[in-house]
Amino acid sequence: MEEEAEVVKPKKNGGRLCSLCNQRRPALKRPKTLEQICKECFYTVFEEEIHRVIVDNQLFKPGERIAIGASGGKDSTVLAYVMSELNRRHNYGLDLFLLSVDEGITGYRDDSLETVKRNEIQYGLPLKVVSYKDLYGWTMDEIVKIIGLKNNCTFCGVFRRQALDRGAALLKVDKLVTGHNADDIAETVLLNILRGDIARLSRCTSITTGEEGPIPRCKPFKYTYEKEIVIYPCHVVYRLGIYSPNAYRGFAREFIKDLERLRPRAILDIIKSGEDFRISTSTKMPEQGTCERCGYISSQKWCKACVLLDGLNRGLPKLGIGRSRGPNGDRQREMKQSNGTRNIQSKQCGTLDF
C-alpha cells in the first residue's frame, strides 16, 4: 500500500508559516523536498511541475489526439484531471480521450470501471473501453483458473499493454499517456538491473517510448512521487489488483519505499542513474520487427501475446512463460507438456489493422 505524506500539526502558539507563500499555516511536509507548505501551494506546485515536464520535453503538439490510460486507480484518475485542467489552462490544443481496459476480474475491475465512467462525466472526456474477452476470447478470471496465481501477472501485463495499443488505434490517437510515476520508474530501473535486461534498461527511463511502434507512450508523471499523487484532492481509494500479490515487482517496490524513508531524493537519484547508463556498443540489442501472426511489434517471430494466447487456446497454458517460447524456440518442451491434450478453440490474437 502507498504511504501518505506527513501531515504538519499546527502549533498552539503561532508557529511557522508555509515555506513558499509565507502567509498560511503549513498543512503537510512535501515528500519530494521535505518543505512544509500549505495545501494551496502544494496544489499549485504539483500542477506547475507537471506542466514544466510537458513543455520542457515537448510531449505534445497542438491538434493532437491523446488517449489517457484510465484504470480507475489513483494515478490515472489524477492524470485525467491534471491533463484536462492543464490542457484548458495553458491552451495545449489537445483532444483528450479516456481509454480503459476491462481485464475481466470480477469485483475488482467492475468497481474501478465505475470510477472511470464517473471521470468521463466529471471531466467531460469521451471514454473507450476494450476488454480481454473481446480481444483475446479470455478473461483474467478464466486464465487464473487454468494457470493459477503464480504466473498470472505475465498474462495480464502482456495482454494489457497490447490492449491499450489496440484501443488507442481504435480511437485513432497520436499518443497514449499513462500514469506511471517516479516510484514506478525507479522500480523498473532496479528490476531491469536485477534481471540483467539491458534492452529495457536502456529505454525504461525515457519519458516517451514506443516511437518505433504503432502509438508512442508518454509519462507526464515521470518525476512525480506516488505520495504526492495520493494526497492530491481528486484521488480515489486505490485497490491492489487481486491477482497481483505474487508479482516480482512488489519486492522492488518495498525496497524503494525503504530507501525513500531514509533519503527522499533516492527515487529521483535512481531515475537519474538510469538516464545516465550507457550501453556498450558491443552489446547486442534485439532487433525490432513485427509479429507474423498479428502484426504487433516484436523482436521474435511471434509477439509475447500471441505466444501466450496460443498456449491458452491449445491447452498449454505455460507455453511462453519463462524459457518455454513456443513458436519462437524449442518445440520439444511443448510436446512434452501436451501429453495428448486436446486443443481448445478460442479467438486468435487478431490484427492491429483496424
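Residues numbered from 1 in each chain as written. Predicted model: local features only at pLDDT ≥ 70, side-chain atom pairs only at ≥ 80, totals over all residues. Heavy atoms only, no water.

Enquirer: Looking at this structure, how should I read the overall build of the protein chain?
Expert: A count of helical and extended segments in the protein chain gives 13 helices and eleven strands. Here the protein chain, with 354 residues, has 50% of them falling under the buried criterion. Intrachain contacts of the protein chain at a sequence separation of at least 6 include 68% that bridge at least 24 residues. Accessible surface, the protein chain: about 18,300 Å² in total, of which carbon and sulfur atoms supply 50%. (Helix = DSSP H or I, 4+ residues; strand = E, 2+ residues; numbered from the N terminus. Buried < 20%, exposed > 50% of the residue type's maximum accessible area, 1.4 Å probe, protein only. Contact = heavy atoms within 4.5 Å. Areas by Shrake-Rupley, 256 points an atom, 1.4 Å probe, with all protein chains shown as cover.)

Enquirer: Looking at this structure, I do not really get the packing of helix α2 (residues 74-89) against helix α3 (residues 108-123). What am I missing?
Expert: Helix packing for two helices is described by the angle between their axes and how far apart those axes are. The interhelical angle for the contact between α2 and α3, taken along N-to-C directions, is 10°, at an axis separation of 11 Å. The angle between α2 and α3 falls in the class roughly parallel. Seen from α2, the contacting residues are T77, A80, Y81 and S84; seen from α3, they are T115, N119 and Y123. (Axes fitted to C-alpha atoms, helices over the stretch in contact; angles between N-to-C directions. Parallel < 35°, antiparallel > 145°, perpendicular 65-115°, else oblique.)

Enquirer: When you look at helix α6 (residues 152-171) in this model, what are you seeing that I'm missing?
Expert: Since one α-helical turn is 3.6 residues long, residues separated by three or four positions face the same way. Compared with the 28 Å implied by 1.5 Å per residue over 20 residues, the 28 Å span of α6 between its first and last C-alpha is a close match. Among the residues making up α6, those that are buried are N152, F155, C156, F159, Q162, A163, L164, D165, R166, G167, A168 and L171. Positive backbone phi, approximately 55°, marks K172, located one or two places after α6. (Expected span 1.5 Å × (residues − 1).)

Enquirer: Whenever I open this one, the side chain of R30 confuses me. Can you help?
Expert: Relative to the helices and strands, R30 is located in the loop between β2 (28-29) and β3 (36-37). Beyond its immediate chain neighbours, meaning those up to four positions away, R30 contacts E35, I37, F42, V45, E49 and E228.

Enquirer: What is the right way to look at the state of the cysteines in this model?
Expert: Covalent bonding between the sulfur atoms of two cysteines defines a disulfide. The full count for this structure, using the stated rule, is zero disulfides. With no disulfide of its own, C303 lies closest to C306 among cysteine sulfurs, the gap being 3.7 Å. When its relative accessible area of 3% is taken as the criterion, C303 is described as buried. (Disulfide = S-S within 2.5 Å.)

Enquirer: What is the right way to look at the packing of aromatic side chains in this model?
Expert: Both the distance between ring centres and the angle between the ring planes are used here to describe each pair of aromatic rings. Considering all chains together, one arrives at eleven aromatic pairs under this definition. Measuring from centroid to centroid gives 5.9 Å for Y132 and F159, while their planes differ by 90°, and the two rings are edge-to-face. Of the two residues, Y132 is situated in helix α4 (residues 132-136) and F159 in helix α6; the sequence distance between them amounts to 27 residues. A connected cluster of aromatic rings, assembled from ring pairs, spans F42, Y43, F46, Y81, Y123, F221 and Y232. (Phe/Tyr/Trp six-rings, centres within 6.5 Å; stacked < 30°, edge-to-face > 60°.)

Enquirer: For this particular structure, what's the right way to read the environment of G210?
Expert: Mapped onto the elements of the fold, G210 is located in the loop between β8 (208-209) and β9 (217-218). Among the residues examined, G210 registers a relative accessible area of 15% and is labelled buried. It is 9.9 Å that separates the C-alpha atoms of G210 and L176, two residues lying 34 residues apart in sequence.

Enquirer: Could you clarify how one ought to interpret the sheet that holds β9 in this entry?
Expert: Adjacent strands of a sheet pair through backbone hydrogen bonds, lying either parallel or antiparallel. Strand order in the open sheet made by the six strands is β6-β5-β4-β7-β9-β8, with mixed pairing throughout. The sheet terminates laterally at β6 (127-131) and β8, the two strands that pair on one side only. Where strand β7 (residues 175-177) and β9 come together, two bridges link them in parallel fashion. Within the sheet, the bridge partner assigned to V177 lies in β9 and is C218. Most of the contacts of α3 go to strand β5 (residues 95-102), to which it runs at about 170°, and overall it touches β5 and β6. (Pairing = 2+ DSSP bridges.)

Enquirer: How do you make sense of the packing of α6 against helix α12 (residues 304-313) when you look at a structure like this?
Expert: It is at 9 Å that the axes of α6 and α12 come closest, and there the two elements cross at 125°. Classed by the angle they form, the pair α6 and α12 counts as oblique. Remark: the crossing between α6 and α12 carries left-handed chirality. Only K304, A305, L308, L309 and L312 of α12 make contact with α6, whose side of the interface consists of T154, F155, V158, F159 and Q162. Across the contact of α6 with α12, the residue classes break down as seven nonpolar, two polar and one charged. (Left-handed = near helix turned anticlockwise from the far one by under 90°. Nonpolar A, V, L, I, M, F, W, Y, C, P; charged D, E, K, R; others polar.)

Enquirer: Help me understand the UniProt feature "domain: Cytoplasmic tRNA 2-thiolation protein 1 C-terminal" (unreviewed entry) in the protein chain in this model?
Expert: Within this numbering scheme, the UniProt entry marks residues 289-319 as carrying the feature "domain: Cytoplasmic tRNA 2-thiolation protein 1 C-terminal" (unreviewed entry). Secondary structure over residues 289-319 splits into 32% helix and 13% strand, and the C-alpha atoms at its two ends are 21 Å apart. (UniProt positions renumbered as here; feature names shortened; annotations may be inferred.)

Enquirer: What should I look at first to understand the UniProt feature "binding site: ATP" (unreviewed entry) in the protein chain in this one?
Expert: Those residues carrying the UniProt feature "binding site: ATP" (unreviewed entry) are G69, A70, S71, D75, V101, G179 and D184 in this numbering. Along the chain, G69 turns up in strand β4 (residues 65-69). Ignoring any residue separated from it by four or fewer positions in sequence, one finds G69 in contact with S76, L99, L176 and V177. With respect to the helices and strands, the residue A70 is situated in the loop between β4 and α2. Excluding residues that lie within four positions of it along the chain, A70 makes contacts with S76, L98, L99, S100 and V116.

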